[in-house]
Amino acid sequence: MNTNTVDAKMLGRMFLAGAKNLEAKKEWINELNVFPVPDGDTGTNMTLTILSAASEVSALEDPTMKTLAKAISSGSLRGARGNSGVILSQLLRGFTKTIEHYDTVDAPAFAKAFEKGVETAYKAVMKPKEGTILTVARGAADKALEIAEDCSDLGSFFTDVIAHAEHVLSRTPDMLPVLKEAGVVDSGGQGLVEVLKGAFDGYLGKEIDMNFEKPKSSGMSKPVSGEESNIKFGYCTEFIIMLDKTFPEKEEQAFKEYLMSIGDSLVVVADDEIVKVHVHTNDPGMAIQKALTYGQLSNMKIDNMRLEHHEKVIKEAEKLAAQQRESVPEKEVGFISVSVGDGMGDIFRDLGADHLIEGGQTMNPSTEDVLKAIEQVHAKNIFVFPNNKNIILAANQARDLTEDKNIIVIPTKTIPQGITALINYVPEKTVEQNTEEMLQCIGNVKTGQVTYAVRDTRIDDKEIRQGDIMGIGDHGILAVGQGVEGITMETIDAMVDEDTEIISVYYGSDVSTEDAQRLGEKLEERYPDFDVEVNNGGQPIYYYVVSVE
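Residues numbered from 1 in each chain as written. Predicted model: local features only at pLDDT ≥ 70, side-chain atom pairs only at ≥ 80, totals over all residues. Heavy atoms only, no water.

A. Region of the structure containing a positive patch on the surface. Where like charges cluster on the molecular surface, the positive patch consists of Lys-127, Lys-129, Lys-389 and Lys-413. Relative to the helices and strands, Lys-413 is located in the loop between strand S10 (406-409) and helix H17 (415-423). (Patch = residues over 30% accessible without salt bridge, like charges linked within 9 Å, V, L, I, M, F, W, Y side chains within 5 Å. Areas by Shrake-Rupley, 256 points an atom, 1.4 Å probe, with all protein chains shown as cover. Salt bridge = Lys/Arg side-chain N within 4 Å of Asp/Glu carboxyl O. Lys, Arg positive; Asp, Glu negative; His and termini not counted. Charge placed at Lys NZ, Arg CZ, Asp CG, Glu CD. Helix = DSSP H or I, 4+ residues; strand = E, 2+ residues; numbered from the N terminus.)

What follows is the structure in structure tokens.
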């Protein structure tokens, strides 16, 4: 193996190996979440981001450095989810801007690419924070630049760069007190290290399973057709049996009868050495197990016909929607909101939202999800409400990739902020005036969220045990203990002040209407001078989302 340079084919293998290692470690990285809430998602976000690029890289039959760079950059940008995923996509984007100009890449070229990646990522973040994935990336890039000229052997180069990245990662708790208090390193930085380690394994030629899970949608609302329920047997199953014994006509007939008992659309063609089989069934495994009694199998192919039909319906519905949009005059202003829970969705629709993106803390929508939503809204100017601090960067990235519409991302960090922003929209005012007023009003909204702890930890000088109920405010833990109602009351007590006028409560899917109404009555009794509103949010994981204005 040439130890001085890598070509496009090898670099593609390294990238896929890095993606695979991140995928394998995603749940462990999720558990590094500082807050012990049941929705740690850094590992998931970074994995879905890189798998979007891996899908495009895998489709390249004979990559050049330019086509490889485009696949990595485009795939990761459109698939980026959450802050960590967006930052990873920007690191990859900067990296590929450099390597696309080379036929082969040596240590100095890698160092330049690392440096460009860090520069691009830092520019993408409004207020870069040290002790994060950015710090780890910069540490790796600095080490690469330091040793590149004197290190012609790439194996030694990668070893030293990764070792330094791990060292910087180990120091992140010293840079961010919240990490030290929780006893964890930065999860995004850990994810980046796993990508680098996996890429090095690919360079070394280690045997790696390059089969990836198919990236899942964030849960955007899509048209549903009842027609797919008419597909009785969902899997089109095909294979060839290489016979290891005779296959008499009587045996062939028995095999056909068995397959008909578990499916339909049967085709069985046999000769002296092989049997070609095609069947539609709900259990391909049963067909395969039976076939293995006659010999070895090859050319196996299983397609989910219900999924294919569903995707066809979606495409047809999107095509119809596009035609309908073209026949209707373009609106001046439209609204897109990220939302989770049926009740929250109803509230946003009632306030005039044109399109909802399902997602939030448990599943951050990707840049691609936001772009698709933008396509669905037939308006010149579109306000986007991310309603989660971990979705703002993806929304901004979608805005920057949109050329034919004016996209305004209001950086709402919580659903109550998004609701307040939409309530304060005034049609008679200009887009610029509304933008200014929305930005001002969301700063007056305090948000609290009540959920349960999934592990023992210590945060904000509070001891937290697995199973405890927690009230989390905009800047930390407000209350910890037992009993959802009591902790919710404590959380709100910590949020109200002399300027408070409105308390809004949104109860989740695990809270009964009766319990929510009882909480509202207690709040009205405790705060008789405030307006108290209780709404069905229907959100998962969080018993209550509350806001104080």
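So much for the structure itself; the text now carries on.
B. Main features of the sheet that holds S10. An order of S8-S7-S9-S10 is seen for the four strands of this open sheet, with the pairing classed as parallel. Whereas interior strands pair on both sides, the edge strands pair on one side only; in this sheet they are strand S8 (355-358) and S10. Within this sheet the neighbouring strands show an average axis-to-axis angle of 20°, counted without direction. Pairing of strand S9 (residues 379-385) with S10, which is carried by four bridges, proceeds in the parallel orientation. (Pairing = 2+ DSSP bridges. Axes fitted to C-alpha atoms, helices over the stretch in contact; angles between N-to-C directions.)

C. Local environment of the sheet that holds strand S17 (residues 531-536). In space, the six strands of this open sheet follow the order S15-S14-S11-S18-S16-S17, with mixed pairing throughout. Each edge of the sheet is formed by a strand with only one pairing partner; in this case those strands are strand S15 (476-481) and S17. Direction aside, the axes of adjacent strands within the sheet are offset by 20° on average. With five bridges connecting them, strand S11 (residues 446-452) and strand S18 (residues 544-548) associate as antiparallel partners. Residue Lys-446 lies in a different strand from S18, and its bridge partner there is Val-548.

D. Highlighting the pattern of salt bridges. Within the structure shown, the criterion is met by 24 salt bridges. Asp-515 is the partner of Arg-518 in a salt bridge, and the nearest nitrogen-oxygen pair spans 3.0 Å. Here Asp-515 and Arg-518 lie together in helix H20 (residues 513-526), a separation of three residues that amounts to about one turn. Its relative accessible area of 38% is what places Arg-518 among the partly exposed residues. Within this structure, Glu-485, Asp-515, Arg-518 and Lys-522 form a network of salt bridges that share partners. (Buried < 20%, exposed > 50% of the residue type's maximum accessible area, 1.4 Å probe, protein only.)

E. How the structure looks around helix H12 (residues 284-292). Those residues of H12 lying buried are Pro-284, Ala-287, Ile-288 and Ala-291. Considered in projection along H12, the buried side chains sweep an arc of 95° and stay on one side of the axis. Of the surrounding secondary structure, the elements contacted by the buried residues of H12 are strand S3 (235-243), helix H11 (249-262), strand S5 (274-281) and strand S6 (295-304). (Arc of directions from axis to C-beta. Contact = heavy atoms within 4.5 Å.)

F. Spotlight on the side chain of Asp-468. Secondary-structure assignment places Asp-468 in the loop between strand S13 (462-464) and strand S14 (469-473). Within the buried core, Asp-468 has no salt-bridge partner, and the shortest N-O distance to an opposite charge, that of Arg-465, equals 6.1 Å. Here the side chain of Asp-468 touches Arg-465 through a polar contact of 2.9 Å, landing on its backbone nitrogen. In terms of polar contacts, Asp-468 uses its side chain to reach the side chain of Gln-482, at 2.7 Å. Residues contacting Asp-468, with those up to four places away along its chain left out, are Thr-451, Tyr-452, Ala-453, Glu-463, Val-480, Gly-481 and Gln-482. (Polar contact = N/O pair within 3.5 Å; in protein donor to acceptor, adjacent residues only side chain to side chain.)

G. How the structure looks around the pairing of S17. Where strand S16 (residues 502-507) meets S17, six bridges bridge the pair, whose relative direction is parallel. Bridge pairing in S17 links Ile-502 to Asp-531. A crossover links S16 with its parallel partner S17, the connecting element being H20, and its sense is right-handed. (Right-handed = clockwise from strand over helix to strand, strands pointing away.)

H. Looking closely at the nonpolar core. Residues Phe-15, Phe-110 and Phe-157 are the most contacted members of the largest nonpolar core, which totals 72 residues. Of all the elements, helix H5 (residues 107-124) adds the most residues to this core, at nine residues. Ranked by size, the runner-up nonpolar core spans 24 residues in total, among them Phe-383, Ile-410, Ile-415 and Val-545. (Core = buried A, V, L, I, M, F, W, Y, C linked by side-chain atoms within 4.5 Å.)

I. Molecular detail of a negative patch on the surface. Taken together, the side chains of Glu-498, Asp-499, Glu-501, Asp-531 and Glu-533 present a region of like negative charge at the surface. Secondary-structure assignment places Asp-499 in the loop between helix H19 (484-495) and S16. By relative accessible area, which is 56% here, Asp-499 ends up exposed.

J. Focus on the packing of aromatic side chains. Here the structure, examined in full by the defined rule, presents 17 aromatic pairs. Residues Phe-335 and Tyr-425 carry aromatic rings whose centres are separated by 4.9 Å and whose planes lie at 75° to one another, so their mutual orientation is edge-to-face. Linking Phe-335 in strand S7 (residues 331-339) with Tyr-425 in the loop between H17 and helix H18 (431-442), this pair joins segments that are 90 residues apart in sequence. Its relative accessible area of 7% is what places Phe-335 among the buried residues. An aromatic cluster of at least three residues, connected via ring pairs, comprises Phe-95, Phe-110, Phe-114, Phe-157, Phe-158, Phe-200 and Tyr-203. Lys-290 extends its terminal NZ or CZ atom over the ring of Tyr-258, reaching a point 5.4 Å from the ring centre. (Phe/Tyr/Trp six-rings, centres within 6.5 Å; stacked < 30°, edge-to-face > 60°. Lys NZ or Arg CZ within 6 Å of the ring centre and 35° of its normal.)

K. Quick peek at the packing of helix H2 (residues 42-58) against helix H10 (residues 187-204). At their nearest, the axes of H2 and H10 sit 9 Å apart, and the two run at 40° to each other. What the angle tells us is that H2 and H10 run oblique. Of the two possible hands of crossing, H2 and H10 adopt the one that is right-handed. Facing H2, whose interface residues are Thr-42, Met-46 and Ile-50, H10 presents Ser-187, Gly-188, Gly-191, Leu-192 and Val-195. (Parallel < 35°, antiparallel > 145°, perpendicular 65-115°, else oblique. Left-handed = near helix turned anticlockwise from the far one by under 90°.)

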